[in-house]
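# Working through the structure, step by step
As a plain string of letters, each chain reads:
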Amino acid sequence: MTSNPEMAWMEVVRLLTQDGQATRQGALSTMSRLCEQDPTLVEATAHIVRSVMSQWEEDGSSSPALEEAARQLLARLDTPLMDKPTP
């Protein structure tokens with residue numbers, strides 16, 4: 001990963017579209033951390049996660065664990081805590 005949160009975020013978005021439950025779950029975890037570092041990524045992240053969840057459902061490549069990880073990330077993104085800058 002790069003040190004620039006936006007560049008790293010773009011790499012993680014690419015990983016979400018690849019096959020592999022572990023790869024996708026790791027990407028979701030990384031997205032959460034990147035949003036904590038750079039709250040400006042929250043809105044785009046929520047949009048991307050909702051989009052890939054739909055794609056996973058359509059192509060049958062999802063799993064209960066992956067869906068739960070995505071729902072948990074969306075719940076975190078929807079909380080006001082994610083919008084607060086880190087001291």
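Now for a look at the structure at hand.

## Here we look at the overall build of the chain
Of regular secondary structure, the chain possesses four helices and zero strands. Of the regular secondary structure in the chain, the N- to C-terminal order runs α-α-α-α. Put simply, the chain has 87 residues, and 37% of those count as buried. For the chain, contacts bridging at least 24 residues in sequence account for 59% of all contacts bridging at least 6. About 5,300 Å² of surface is accessible on the chain, with carbon and sulfur atoms providing 55% of the total.

## With respect to the packing of helix α1 (residues 5-16) against helix α2 (residues 21-37)
With their axes 9 Å apart at the nearest point, α1 and α2 run at an angle of 155° to one another. It follows from the interaxial angle that α1 and α2 lie roughly antiparallel. For the pair α1 and α2, the sense of crossing is left-handed. Contact with α1, carried on its side by Pro5, Ala8, Trp9, Val12, Val13, Leu15 and Leu16, involves Thr23, Arg24, Ala27, Leu28, Thr30, Met31, Leu34 and Gln37 of α2 and no other residues of that element. Residues belonging to the contact of α1 with α2 are distributed by class as follows: eleven nonpolar, three polar and one charged.

## Let's talk about α1
The first and last C-alpha atoms of α1 sit 16 Å apart over twelve residues, in line with the 16 Å expected at 1.5 Å per residue. Ala8, Trp9, Val12, Val13 and Leu16 are the residues of α1 that are buried. All buried residues of α1 lie within an arc of 145° about the axis, which places them on one face of the element. Check the buried side of α1 and you find it contacts α2 and α3 (42-59). The opening residue of α1 is asparagine 4, an N-cap whose side-chain oxygen sits 2.9 Å from the backbone nitrogen of glutamate 6.

## A word on the side chain of threonine 45
Its place among the elements puts threonine 45 in helix α3. Those residues in contact with threonine 45, other than ones at most four positions away along the chain, are Trp9, Met31, Cys35, Leu73 and Leu77.

## Focus: the environment of tryptophan 56
With respect to the helices, strands and loops of the structure, tryptophan 56 is situated in helix α3. Among the residues examined, tryptophan 56 registers a relative accessible area of 2% and is labelled buried. Residues tryptophan 56 and aspartate 19 lie 37 residues apart in sequence; the distance between their C-alpha atoms is 9.8 Å. With near-sequence residues (within four places) excluded, tryptophan 56 lies in contact with Leu16, Arg24, Leu28, Ser61, Ser62, Leu66 and Ala70.

## A word on the pattern of salt bridges
All chains considered together, the criterion is met by five salt bridges. As a salt-bridge pair, arginine 76 and glutamate 36 come within 2.3 Å of each other at their nearest N and O atoms. Within this pair, whereas arginine 76 is found in helix α4 (residues 64-77), its partner glutamate 36 is found in helix α2, the two being separated by 40 residues in sequence. For arginine 76, a relative accessible area of 36% translates into the label partly exposed. Of the residues examined, glutamate 36 reaches a relative accessible area of 35% and is grouped as partly exposed. Each of the salt bridges in this network shares a partner with another, and the network as a whole consists of Glu67, Glu68 and Arg71.

Cut-off values and rules
- Residues numbered from 1 in each chain as written.
- Predicted model: local features only at pLDDT ≥ 70, side-chain atom pairs only at ≥ 80, totals over all residues.
- Heavy atoms only, no water.
- Helix = DSSP H or I, 4+ residues; strand = E, 2+ residues; numbered from the N terminus.
- Buried < 20%, exposed > 50% of the residue type's maximum accessible area, 1.4 Å probe, protein only.
- Contact = heavy atoms within 4.5 Å.
- Areas by Shrake-Rupley, 256 points an atom, 1.4 Å probe, with all protein chains shown as cover.
- Axes fitted to C-alpha atoms, helices over the stretch in contact; angles between N-to-C directions.
- Parallel < 35°, antiparallel > 145°, perpendicular 65-115°, else oblique.
- Left-handed = near helix turned anticlockwise from the far one by under 90°.
- Nonpolar A, V, L, I, M, F, W, Y, C, P; charged D, E, K, R; others polar.
- Expected span 1.5 Å × (residues − 1).
- Arc of directions from axis to C-beta.
- Polar contact = N/O pair within 3.5 Å; in protein donor to acceptor, adjacent residues only side chain to side chain.
- Salt bridge = Lys/Arg side-chain N within 4 Å of Asp/Glu carboxyl O.

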